[in-house]
Amino acid sequence: MSTDSSSEKQVAEAHGTTAQYTYEITFVILAVFTAIELLISDFMSKGQLDFVIGVIILISLALIKVLAVVSIFMHVRYENKRYIILAVTFGLPLFLALPVAIIPALG
Amino acid sequence: MAEHESISDHEHDIHHVEPSWWPPILALSLGLVGIGIIIIGGGLTLPGLTIPLLDITIIPVITLYDTTIVNIAGVKFGVGLLFIFLFFVIFALGLLAETSPKGYDQSHEKKAHRHEIVPTTGFAKHTWMWFFLASEVLFFTIVIGSSLSLRFRVGSWSPAEVLDVFLTALNTFVLITSSYTMAKGLQAIERGDQRRSAMFIFATVGIGALFLIIQAFEYYELIHIFNFNPANSTGFITLHGHTVQDPNLQIFASTFFLQTGFHGLHVFFGVFIMFFVALKMYRGGYTKENHDSVELIGLYWHFVDLVWIMLFTVVYLI
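What you are looking at is a predicted structure, and each value in this text was computed from that prediction instead of being measured. (Residues numbered from 1 in each chain as written. Chains lettered and ligands numbered in written order. Predicted model: local features only at pLDDT ≥ 70, side-chain atom pairs only at ≥ 80, totals over all residues. Heavy atoms only, no water.)

What to know about the overall build of chain A
Here is step 1 of the chain: Scanning chain A from N- to C-terminus turns up five helices and zero strands.
Here is step 2 of the chain: When the helices and strands of chain A are listed from N to C terminus, the series reads α-α-α-α-α.
Here is step 3 of the chain: Taking the contacts inside chain A whose residues are at least 6 apart along the sequence as the reference set, 62% of them involve residues at least 24 apart.
Here is step 4 of the chain: Of the accessible surface of chain A, which amounts to about 5,900 Å², a share of 72% is contributed by carbon and sulfur atoms. (Helix = DSSP H or I, 4+ residues; strand = E, 2+ residues; numbered from the N terminus. Contact = heavy atoms within 4.5 Å. Areas by Shrake-Rupley, 256 points an atom, 1.4 Å probe, with all protein chains shown as cover.)

Structure (structure tokens):
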């Protein structure tokens, strides 16, 4: 597999500069979103928020948190072949596993 | 010394680990444990497909007064567990030996003699790790997805009635913090600061252990105090003075401990391996040019955090 030396240098520089505060900001966002999820769950359990709307909000927040962890902490954002990584590591297994996962629901 | 064409002047060396039989042995052991668990559990049944217990699996190996103590399935399970245990013991001893001053010099000398320059991109360098994570995505999707499917098939339940959501939210914050410290640890070694990196990775180990302690406390409270466990078929549990009645409590407990238990096991293995990576970092075993293991364990740890983010939402909040 060939390499692009100039893009590698850009990746190295990206690691050294933009990541300095990116990790802290990402951490704060994850913590705040977790607190928001707790609030929404509390509203749902007390009947103050519709269940379906609450589920949609919670799943959306969870997916944003997952994206933050994958792109920032796991450095996928800085990878040259990030779309291949996302497809092979996350997309394909989900596609293969979901039909098996719904078998209990079918009875 | 092998000769390879250099791709560019900015390439850095990839120091390959010594070939070892332990990865395939570990894979086989995990397979044995899995087969043993399935067979002990009573065979495998899917809609339209039944794989019955084979008679051979119930052959007694050890009996006491005509009672079977150990059968073939148990032997498979036990042998698999034994090899997994041996793997981790030898892995830990090997890392400890390598992190001693003498061990580090010997290992470094071996690597110097196997000097190779190979092309690298992020994907090529960590390809096998991404494929391993893909297998973990497959595994957790099936575990979480099937638990969710089962839950909504039987009519669902309210986690907030039984589980301590606030404590687990705190635990989620703990794990997110550990992910942050791991990222900082990697950042530090990318800048060549070994001590700072070791500090952050040790912090990650400590915070990961704290997560396990909190989860163990939660398990103890649920199982021993509230009697919330798969064996409780009454449909009743008593929590903080009030009684919860739900005919699906057994299924709730089974799926809860299955999902969180497997995740906890992954956290445990991560903490175990990370401890030795941190130790090696503290002893100067990693450098700015050579810290692949730190990146790899970092990827694994962030993945564990990622799975917990989904688990927390699906198991505790919805």
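Here's the deal with the overall build of chain B
Here is step 1 of the chain: Looking only at helices and strands, one finds ten helices and six strands in chain B.
Here is step 2 of the chain: Relative to its full complement of 318 residues, chain B shows a buried share of 46%.
Here is step 3 of the chain: Contacts in chain B between residues at least 24 apart in sequence constitute 77% of all its contacts with a sequence separation of at least 6.
Here is step 4 of the chain: Taken as a whole, chain B presents about 16,100 Å² of accessible surface, with 67% of it coming from carbon and sulfur. (Buried < 20%, exposed > 50% of the residue type's maximum accessible area, 1.4 Å probe, protein only.)

Topic: the packing of aromatic side chains
Residue and element names in this part refer to chain B.
Here is step 1 of the chain: In total, this model carries 22 aromatic pairs over all chains according to the counting rule given.
Here is step 2 of the chain: Centroid distance Phe139 to Phe262: 4.9 Å. Interplanar angle 85°. Geometry classified as edge-to-face. Here Phe262 lies in helix H9 (residues 249-282) and Phe139 lies in helix H5 (residues 127-154), a separation of 123 residues in the sequence.
Here is step 3 of the chain: On the basis of relative accessible area, Phe139 is assigned to the partly exposed category, the value being 28%.
Here is step 4 of the chain: Classification of Phe262 by relative accessible area gives partly exposed; the value is 30%.
Here is step 5 of the chain: Judged by centre distance (6.2 Å) and plane angle (55°), the rings of Tyr219 and Phe256 are tilted. Separated by 37 residues along the polypeptide, Tyr219 in helix H8 (residues 194-225) and Phe256 in helix H9 bring together distant segments of the chain. Here Tyr219 matches Phe256 in class, with each residue buried. (Phe/Tyr/Trp six-rings, centres within 6.5 Å; stacked < 30°, edge-to-face > 60°.)

A closer look at the nonpolar core
Here is step 1 of the chain: By size, the foremost hydrophobic cluster in this structure holds 85 residues, and its most contacted members are Met74(A), Val162(B), Leu163(B), Phe228(B), Phe256(B) and Val294(B).
Here is step 2 of the chain: Considering each element in turn, this core owes the most residues, 18 residues, to helix H10 (residues 292-317) of chain B.
Here is step 3 of the chain: Ignoring sequence-local partners within four residues, the contact set of Val294(B) consists of Met182(B), Leu186(B), Ile189(B), Ile201(B), Val277(B), Met281(B) and Tyr286(B).
Here is step 4 of the chain: If you look at the next biggest cluster of nonpolar residues, it comprises five residues, including Leu26(B), Ile84(B), Phe87(B) and Phe88(B). (Core = buried A, V, L, I, M, F, W, Y, C linked by side-chain atoms within 4.5 Å.)

Quick look at a nonpolar patch on the surface
All names here are of chain B.
Here is step 1 of the chain: Among the surface-exposed residues, Val75, Val79, Leu82, Phe83, Phe85, Leu86, Val89, Ile90 and Leu93 lie close enough to one another that they form a single nonpolar patch of about 720 Å² accessible area.
Here is step 2 of the chain: Mapped onto the fold, Phe85 is located in helix H2 (residues 72-99).
Here is step 3 of the chain: By relative accessible area, Phe85 is classed as exposed at 54%. (Patch = residues over 30% accessible without salt bridge, like charges linked within 9 Å, V, L, I, M, F, W, Y side chains within 5 Å. Salt bridge = Lys/Arg side-chain N within 4 Å of Asp/Glu carboxyl O.)

Points about the packing of H9(B) against H10(B)
All names here are of chain B.
Here is step 1 of the chain: Two elements in contact, H9 and H10, have axes whose closest approach is 10 Å; the angle formed by their N-to-C orientations is 155°. When the axis of H9 is compared with that of H10, the two are roughly antiparallel. As for the relative orientation of H9 and H10, their crossing is left-handed in sense.
Here is step 2 of the chain: Looking at the contact of H9 with H10, its residues break down into 18 nonpolar, five polar and no charged. (Axes fitted to C-alpha atoms, helices over the stretch in contact; angles between N-to-C directions. Parallel < 35°, antiparallel > 145°, perpendicular 65-115°, else oblique. Left-handed = near helix turned anticlockwise from the far one by under 90°. Nonpolar A, V, L, I, M, F, W, Y, C, P; charged D, E, K, R; others polar.)

Some remarks on the environment of Ala253(B)
Here is step 1 of the chain: Within the fold, Ala253(B) resides in helix H9.
Here is step 2 of the chain: By relative accessible area, Ala253(B) is classed as buried at 0%.

Describing H9(B)
Here is step 1 of the chain: The terminal C-alpha atoms of H9(B) lie 47 Å apart, and with 34 residues this matches the ideal 50 Å at 1.5 Å per residue to within 8%.
Here is step 2 of the chain: One or two positions beyond H9(B), positive phi appears at Gly284(B), with a value near 80°. (Expected span 1.5 Å × (residues − 1).)

As for the confidence of the model for chain B
Residue and element names in this part refer to chain B.
Here is step 1 of the chain: For chain B, mean pLDDT is 78; residues scoring 70 or higher make up 71% of the total.
Here is step 2 of the chain: Note that pLDDT drops below 50 for residues 1-15; the model gives that stretch 25 contacts with residues more than four away or on any other chain.
Here is step 3 of the chain: Within the model, pLDDT remains below 50 along residues 112-123, and this stretch shows 37 contacts once partners closer than five positions in the same chain are excluded.
Here is step 4 of the chain: Note on the complex model: pTM 0.77, ipTM 0.82. (pLDDT = per-residue confidence, 0-100.)

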